[in-house]
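Examining the three-dimensional arrangement
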Amino acid sequence: MSIHDRYRLSAVINARGTYTPLGVSRSSDGVAAAVAQALPEFFVMAELGDRASEAIAQVTGAQAGAVVHCTAAGLTLAVAATMTGADPRRIASLPDTTDLHNRVVLPACQVVDYGHSNLQGIRLAGAHVDLAGTETRCTLADLEAELDGPDICCLVLVSSRLTHCTPIDLVAAVRAAHRRGVPAIIDGAAQFPRIADLLATGADLVLVSGQKYLGSPTAGLIAGAWPLVQAVRAQDHGIGRTMKPTKEAIVGVIAALEEWQAFDRMKWEADQLAKVTAFAEAAARIPGVRADVVADPTGLPVSRVRLHVPDAKRIATELEAGRPSIYVMTDRAAADELMLELVPLTDAETATILTRLWTLLT
Ligand SMILES: *Cc1c(COP(=O)(O)O)cnc(C)c1O
């Protein structure tokens, strides 16, 4: 009996991407086995944290790393680390930030909502947010003006499809912060495959979600400069207590990082592109449907299928209402466009989607 049947849960085909309300991603059998091995065991958790730091450093080239509950928690704790350092008294006093540098600069066009607003993620640490630029645009001059304000503890930048900015030069932004002695944090939650690029901007900390493209259990990975990573880990005895990683998540992250290093990325990218191309070709044979392959706007090596279908909103609703429930991206459904991400899907699942589209559209 499937786990869905056993607990009366809807069977899902997720073509929406690394989407939190649908369980985000699939872990490999190897990662699942490592997690199962960890669950019945005891560990010295600090040791497990050290091994995770070494694994993150090895894969990303960063000086050190930490695992926290998730990226949303990582944002709160990274901001906390820039306010407190590793000082136990300051760590214990959060979210009271009296006498601390407690103002975070964030481009206004990088205020994003991934279930809650990142503004709240920052404020949870006790910090205040100074927004730079407008909702669609943030120039270097806009950033510098805010960075020149009083009591700045860090600059936060977001690398994500969710932002609505004309592109920001991350390297120049990080440099502008560093010229003022201000550390820079990049939230690249869905950008694990690009983590080395994000670190190459000079950012002090880069945050990614393990459960997105790494395929680990739910976890936030923080990679970066040694002292700041230690200051993040030290939050375990402060506000980080409510955001701690589980032992099985840390073991799962280490196992997933090992698999990531061992596997043939070029072949994976070629296989993914072949899957997307074949799907688009098959979908384009359905009368009234146009399909093409669209590259990820943030430079992730993940292409998606864009379908132009009549009455896209209704089609998406009916895909979800069927058994199994099929979820696609509907951001542009009003323009009769549906987007599908196929990365985690099996051939049987992509075939099911095509069959359902034929039924609904003909
Ligand atoms: C998904 C996402 C998050 C939250 O990540 P979790 O690991 O689910 O907490 C934060 N920022 C961005 C840009 C995201 O896409």
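Owing to the predicted nature of the structure, the values given are computational and were not obtained by experimental measurement.

Before going further, it helps to spend a moment on the packing of helix α13 (residues 265-283) against helix α15 (residues 347-361). Two numbers describe how α13 lies on α15: the axes approach to 11 Å, and their chain directions differ by 15°. By the angle between their axes, α13 is roughly parallel relative to α15. Like other packed secondary-structure pairs, α13 and α15 cross with a definite hand, here right-handed. Counting all contacts with α13, which are made through Phe279, Ala282 and Ala283, the residues of α15 involved are Thr350, Ile353, Leu354 and Leu357. Per-class residue counts for the contact of α13 with α15 are six nonpolar, one polar and no charged.

Next up on the list: the domain arrangement of the protein. In terms of domain boundaries, the protein breaks down into domain 1 (3-24 + 264-361) and domain 2 (42-262). With centres defined by C-alpha atoms, the gap from domain 1 to domain 2 works out at 31 Å. Between domain 1 and domain 2, a total of about 1,200 Å² is buried, with carbon and sulfur atoms accounting for 60% of that surface. When residues of domain 1 are sorted by the area they lose upon contact with domain 2, Arg265, Thr298 and Leu300 head the list and together hold 43% of the total. For the pair domain 1 and domain 2, the interface holds one salt bridge. Ionic pairing is found between Asp296 and Arg161, a salt bridge with its closest N-O pair at 3.8 Å. Our count for the contact surface shared by domain 1 and domain 2 stands at four residue pairs in polar contact (both at pLDDT 80 or more). A breakdown of the residues in the side of domain 1 that touches domain 2 according to their chemical character gives six nonpolar, three polar and five charged.

Okay, the site of the ligand next. Around the ligand, the structure places 13 residues, and the nearest of them are Thr71, Ala72, Asp187, Ser209 and Lys212. For the ligand, an oxygen atom lies 2.9 Å from a polar atom in the side chain of Gln211. When isolated, the ligand has an accessible area of 380 Å², and the protein chains bury 92% of it. Elements with a contribution of two residues or more to the shell around the ligand: α4 (71-84) and α10 (210-214). Class assignment of the residues belonging to the shell around the ligand gives a composition of six nonpolar, five polar and two charged.

So, on to the state of the cysteines. This structure, assessed with the given rule, holds one disulfide. With a sulfur-sulfur separation of 2.0 Å, Cys109 is cross-linked through a disulfide to Cys165. Between Cys109 and Cys165, the disulfide has an S-S torsion of 95° and is therefore right-handed. In this pair, Cys109 is assigned in the loop between β3 (103-107) and α6 (118-123) and Cys165 in the loop between β5 (152-158) and α8 (170-179), connecting sequence segments 56 residues apart. The exposure class assigned to Cys109 is buried, which follows from its relative accessible area of 0%. Here Cys70 is not cross-linked by a disulfide; its sulfur's nearest cysteine counterpart is in Cys154, at 17 Å. Owing to a relative accessible area of 17%, Cys70 belongs among the buried residues under this scheme. Unpaired in this structure, Cys153 has its nearest cysteine sulfur neighbour in Cys154, at a distance of 4.0 Å.

Time to look at the pattern of salt bridges. Counted according to the given criterion, the structure contains 18 salt bridges. Across the pair Arg26 and Glu349 runs a salt bridge whose closest N-O atoms are separated by 2.8 Å. In this pair, Arg26 is assigned in the loop between β1 (12-15) and α2 (29-38) and Glu349 in helix α15, connecting sequence segments 323 residues apart. The exposure class assigned to Arg26 is partly exposed, which follows from its relative accessible area of 45%. In this structure, Arg332 and Glu337 form a salt bridge, with 2.9 Å as the shortest nitrogen-oxygen distance. The exposure class of Arg332 is partly exposed, given its relative accessible area of 48%. What emerges from the salt-bridge pattern is a single network uniting Glu144, Asp148, Arg179 and Arg180.

Reading guide: rules and limits
- Residues numbered from 1 in each chain as written.
- Predicted model: local features only at pLDDT ≥ 70, side-chain atom pairs only at ≥ 80, totals over all residues.
- Heavy atoms only, no water.
- Axes fitted to C-alpha atoms, helices over the stretch in contact; angles between N-to-C directions.
- Helix = DSSP H or I, 4+ residues; strand = E, 2+ residues; numbered from the N terminus.
- Parallel < 35°, antiparallel > 145°, perpendicular 65-115°, else oblique.
- Left-handed = near helix turned anticlockwise from the far one by under 90°.
- Contact = heavy atoms within 4.5 Å.
- Nonpolar A, V, L, I, M, F, W, Y, C, P; charged D, E, K, R; others polar.
- Domains from an automatic or database assignment.
- Buried area = accessible area lost by both parts, 1.4 Å probe.
- Salt bridge = Lys/Arg side-chain N within 4 Å of Asp/Glu carboxyl O.
- Polar contact = N/O pair within 3.5 Å; in protein donor to acceptor, adjacent residues only side chain to side chain.
- Near = heavy atom within 4 Å.
- Areas by Shrake-Rupley, 256 points an atom, 1.4 Å probe, with all protein chains shown as cover.
- Disulfide = S-S within 2.5 Å.
- Buried < 20%, exposed > 50% of the residue type's maximum accessible area, 1.4 Å probe, protein only.

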